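Architecture and fold: a report
Chain residues, written in single-letter form:
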Amino acid sequence: LLLALLLPLQGAAQTFVNLTPRPKTMTVVSGSIVLPTDFKISSVRLDDEMKAEINRFAADFNAATGYTVSAVENDAEALMKVTLATRNDLREDGYTISSTDGVSIQITAKTALGLYYAFQSVKKILPANVMAGVRDEAITTYSFPKLFILDEPRYDYRGFMLDVSRHFFTVEEVKRMIDVMAYYKMNRFHWHLTDDQGWRVEIKQYPKLTTIGATASNTYVTDLEYGPYWTNQVYGPYFYTQEQIKDVVAYAKERHIEVIPEVDMPGHFVAAMASYPEYCCHPESAPSVWINGGISSDVLNVANPAAVQFAKNILAELIPLFPYDYFHIGGDECPTSQWESNAECQAKYRELGLTNYRQLQSHFIKEMADFLKEHGKKTVVWNEAITAGNADTELIKETGATVFCWQPAAAGARKAAELGLDNVFTPW
């Protein structure tokens, strides 16, 4: 009986196509197209950006395979043909791939972005060395399955966050992470550049941020077999120059990935205040760069005009390095105890007629958001900006901030929606 039930399934079996994320629509039929060592990619009425994507794919494919693929125009005999999509139901970042005729691979897209994603799918379908960009001498023949794909992203924001404060990654390591993001058509690189454990970006007006702030007296690492342990060695100074930041941003742009910087304030700001203690609430007992995890009670003195200007000056240097809409200023895990014991913060509390010291954080976020808006940026905050007890949610609503919801993720997303704010669900 079991054998009889399984027999119909065997007859309907299709060629397995390894493609992640799964396309919106994919139909695979039996058979494949063997790729000759010198095939051509023909383009018809494409703009320069789309032609550049074809040339980039050809160069990558040749480097990985040893083939001599070349780009041409209006060649009806070419093995691969790229044309502008005419489907009304296809998004600007969508594409189609069709090879069901068994003699050609036909790709359509409306933009360079859609074409880039199409070529990423082609690379992913082929043997793994093609996407990895390395030669595999064991592979002598490359073939492409007969299939039809209509694909477009399900989510506009497909992001990955890298924290380089607690553990520094070199420029080459960051680029490697961006490569892997591109394999899976992710489009936002959230770069967590500062925290209590280290300041990782050059600010020319404040050089101590990348000497004192970029150095920890000790650190711990986690061994996959033995677990975490202390190195008992100085960690740093580790940071990126502004030129290195520009280099990474340009590298990501080639892969259609936007970089969203994160510079945390007013909490998670210990590395900055260790460098410039005059901006903390109690300069006489200023903190050192943290060497462990947790939540520090040392936060920026948001009632000190000079401290607020310090934060603005940092943003002013960083804004030109990131040519995209969003700028993340943190806003999470910010204890209010030091504000409660600081004379300037007590005076500001009374001046504003507040009912809770948490509202000082809301006013600070609003001031930073206004500053970012003046410079053409949209503010991003963690969900605590609206979910922390006694936060002034109406003030945050005025900022139009996008809320990254991590803890509590679902409740944060619901709260953001209630306030009419966009949110990104980030529980991991």
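Here's what I pulled together on the structure shown here. (Residues numbered from 1 in each chain as written. Predicted model: local features only at pLDDT ≥ 70, side-chain atom pairs only at ≥ 80, totals over all residues. Heavy atoms only, no water.)

1. A short note on the pairing of strand S16 (residues 378–382)
Among the five residues that make up S16, four are buried, leaving the element largely enclosed by the rest of the structure. Across three bridges, strand S15 (residues 326–328) lies against S16 in parallel orientation. Across the sheet, the residue bridging to Phe 327 is Thr 379, located in S16. Here three bridges tie S16 to strand S17 (residues 402–405), and the two strands are oriented parallel to one another. Considered in S17, the bridge of Val 381 is made with Val 403. (Buried < 20%, exposed > 50% of the residue type's maximum accessible area, 1.4 Å probe, protein only. Helix = DSSP H or I, 4+ residues; strand = E, 2+ residues; numbered from the N terminus. Pairing = 2+ DSSP bridges.)

2. A few points about the pattern of salt bridges
Per the stated rule, a full pass over the model turns up 17 salt bridges. Of the charged contacts, one joins Lys 51 and Glu 73 as a salt bridge, the two residues approaching to 3.2 Å between their closest N and O atoms. Linking Lys 51 in helix H2 (residues 48–65) with Glu 73 in strand S3 (residues 70–73), this pair joins segments that are 22 residues apart in sequence. Note on Lys 51: relative accessible area 25%, which makes it partly exposed. A salt bridge links Asp 370 to Lys 366, with the nearest nitrogen and oxygen atoms 2.9 Å apart. You can see Asp 370 and its partner Lys 366 sitting in helix H11 (residues 358–374), four residues apart, about one turn around the helix. (Salt bridge = Lys/Arg side-chain N within 4 Å of Asp/Glu carboxyl O.)

3. Here's the deal with the packing of aromatic side chains
Tallying each qualifying case throughout the model produces 23 aromatic pairs. Ring plane angle 75° and centroid distance 6.1 Å describe the contact between Trp 199 and Phe 269, whose orientation is recorded as edge-to-face. Of the two residues, Trp 199 is situated in strand S11 (residues 198–199) and Phe 269 in the loop between strand S14 (258–262) and helix H7 (270–275); the sequence distance between them amounts to 70 residues. Residue Trp 199 is classed as buried on the basis of its relative accessible area of 1%. Classification of Phe 269 by relative accessible area gives buried; the value is 1%. On the basis of an interplanar angle of 75° and a centroid distance of 5.2 Å, the ring pair of Tyr 220 and Trp 230 is categorised as edge-to-face. Residue Tyr 220 is found in strand S12 (residues 220–223), and its partner Trp 230 is found in strand S13 (residues 227–230); the two are separated by ten residues along the sequence. Using a relative accessible area of 37% as the deciding quantity, one classes Tyr 220 as partly exposed. The ring of Tyr 251 carries Arg 255 above its face, with NZ or CZ at 3.6 Å from the centroid. (Phe/Tyr/Trp six-rings, centres within 6.5 Å; stacked < 30°, edge-to-face > 60°. Lys NZ or Arg CZ within 6 Å of the ring centre and 35° of its normal.)

4. A short note on the side chain of Glu 152
Examined against the element boundaries, Glu 152 turns out to sit in the loop between strand S7 (143–151) and strand S8 (159–163). Glu 152 gets classed as buried once you look at its relative accessible area, which sits at 12%. For Glu 152, the side chain forms a polar contact with the side chain of Lys 24, separated by 2.8 Å. Looking at Glu 152, its side chain comes within polar contact range of the main-chain nitrogen of Arg 91, at 2.9 Å. If we skip the residues at most four places from it in the chain, Glu 152 touches Lys 24, Asp 89, Leu 90, Arg 91, Asp 93 and Gly 94. (Polar contact = N/O pair within 3.5 Å; in protein donor to acceptor, adjacent residues only side chain to side chain. Contact = heavy atoms within 4.5 Å.)

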